[in-house]
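These are the residues of each chain, in order.
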Amino acid sequence: MGNMDNKMNDYDMEHILYMRAQLEHLFFKGFVRQYELPKGIKPTHAITMVILFFHPNESMSKLSNNINMEKGSITTVVDKLTKLGYVKSERSQKDRRVYNLNLTEKGYEFAEQFTSNHEAYIGSLIDKLDGDKKDDFFEAIETISNALEQLGSNLNRHKKNSK
């Protein structure tokens, strides 16, 4: 169970990749497969709207970072969502070169309903764990989240210093 000398090994790498795949399969793909998306909306569109639901007034660059997509790919997604009436793009008041993205009323309603159903789905999965396992799960999530936040901060500092 882990490496005692704090060095990454093949076993650790395998578990990180497996855990990522399991989380995505269980919590995201499992939900999207059973959720009826509106005509023309794909899972990437839904995730984009959920990101904008939690992060309104987001720039295209920040959105592409949050969704882990290249800026060119996210532009295609946003263009489609704009055409379908879910997203609007407005020029930033601070930097006229930047466009900020927001949900329209239609997009907000979709994202709110999708998020609510998604939370209920995840809750129903977690409810299958007994009390101790549920506590362990949330403790592990908090530990991993804190570590990822620290790693992300260190990565961002490293990027800024290398410019």
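A brief structural summary. Since this is a predicted model, take the numbers as computed values, not measurements. (Residues numbered from 1 in each chain as written. Predicted model: local features only at pLDDT ≥ 70, side-chain atom pairs only at ≥ 80, totals over all residues. Heavy atoms only, no water.)

## Describing the overall build of the chain
Move 1: A tally of helices and strands in the chain yields 6 helices and 3 strands.
Move 2: Secondary structure elements of the chain, listed N to C terminal, follow the sequence α-α-β-α-α-β-β-α-α.
Move 3: Overall size of the chain, expressed as C-alpha extent along the three principal axes, is 50 × 45 × 25 Å.
Move 4: Burial statistics for the chain: of 163 residues in total, 26% are counted as buried.
Move 5: Within the chain, contacts between residues at least 6 apart in sequence are counted, and of these 51% link residues at least 24 apart.
Move 6: In the form shown here, the chain has an accessible surface area of approximately 12,200 Å², with 52% of it arising from carbon and sulfur atoms.
Move 7: In the chain, which carries 23 positive and 23 negative side-chain charges, the distance between the mean positions of the two groups comes to 12 Å. (Helix = DSSP H or I, 4+ residues; strand = E, 2+ residues; numbered from the N terminus. Buried < 20%, exposed > 50% of the residue type's maximum accessible area, 1.4 Å probe, protein only. Contact = heavy atoms within 4.5 Å. Areas by Shrake-Rupley, 256 points an atom, 1.4 Å probe, with all protein chains shown as cover. Lys, Arg positive; Asp, Glu negative; His and termini not counted. Charge placed at Lys NZ, Arg CZ, Asp CG, Glu CD.)

## Side note on the nonpolar core
Move 1: Among the nonpolar cores identified, the biggest contains 28 residues, and M49, V87 and F114 are the most heavily contacted of them.
Move 2: When contributions to this core are tallied by element, the ones reaching two or more residues are helix 1 (10-34), helix 2 (43-54), helix 3 (60-67), helix 4 (71-83), strand 3 (99-103) and helix 5 (105-126).
Move 3: Apart from residues lying up to four places away in sequence, M49 is in contact with I41, L81, Y86, L103, G107, F110 and A111. (Core = buried A, V, L, I, M, F, W, Y, C linked by side-chain atoms within 4.5 Å.)

## Some points on the packing of helix 2 against helix 4
Move 1: Packing of helix 2 against helix 4 brings their axes to within 10 Å, and their N-to-C directions diverge by 85°. The angle between helix 2 and helix 4 places the two elements in the roughly perpendicular class. The residues of helix 4 that touch helix 2, namely those facing T44, H45, T48 and M49, are I74, V77, K80 and L81.
Move 2: A class-by-class count of the residues in the contact of helix 2 with helix 4 yields 4 nonpolar, 3 polar and 1 charged. (Axes fitted to C-alpha atoms, helices over the stretch in contact; angles between N-to-C directions. Parallel < 35°, antiparallel > 145°, perpendicular 65-115°, else oblique. Nonpolar A, V, L, I, M, F, W, Y, C, P; charged D, E, K, R; others polar.)

## Overview of the pairing of strand 3
Move 1: By the criterion of burial, strand 3 is predominantly enclosed, with 4 of the 5 residues buried.
Move 2: Pairing analysis gives 2 bridges linking strand 1 (residues 58-59) to strand 3, with the strands arranged antiparallel. Across the sheet, residue S59 finds its bridge partner in strand 3, namely N100.
Move 3: As paired elements, strand 2 (residues 87-91) and strand 3 share 5 bridges and run antiparallel to each other. Residue S89 lies in a different strand from strand 3, and its bridge partner there is L101. (Pairing = 2+ DSSP bridges.)

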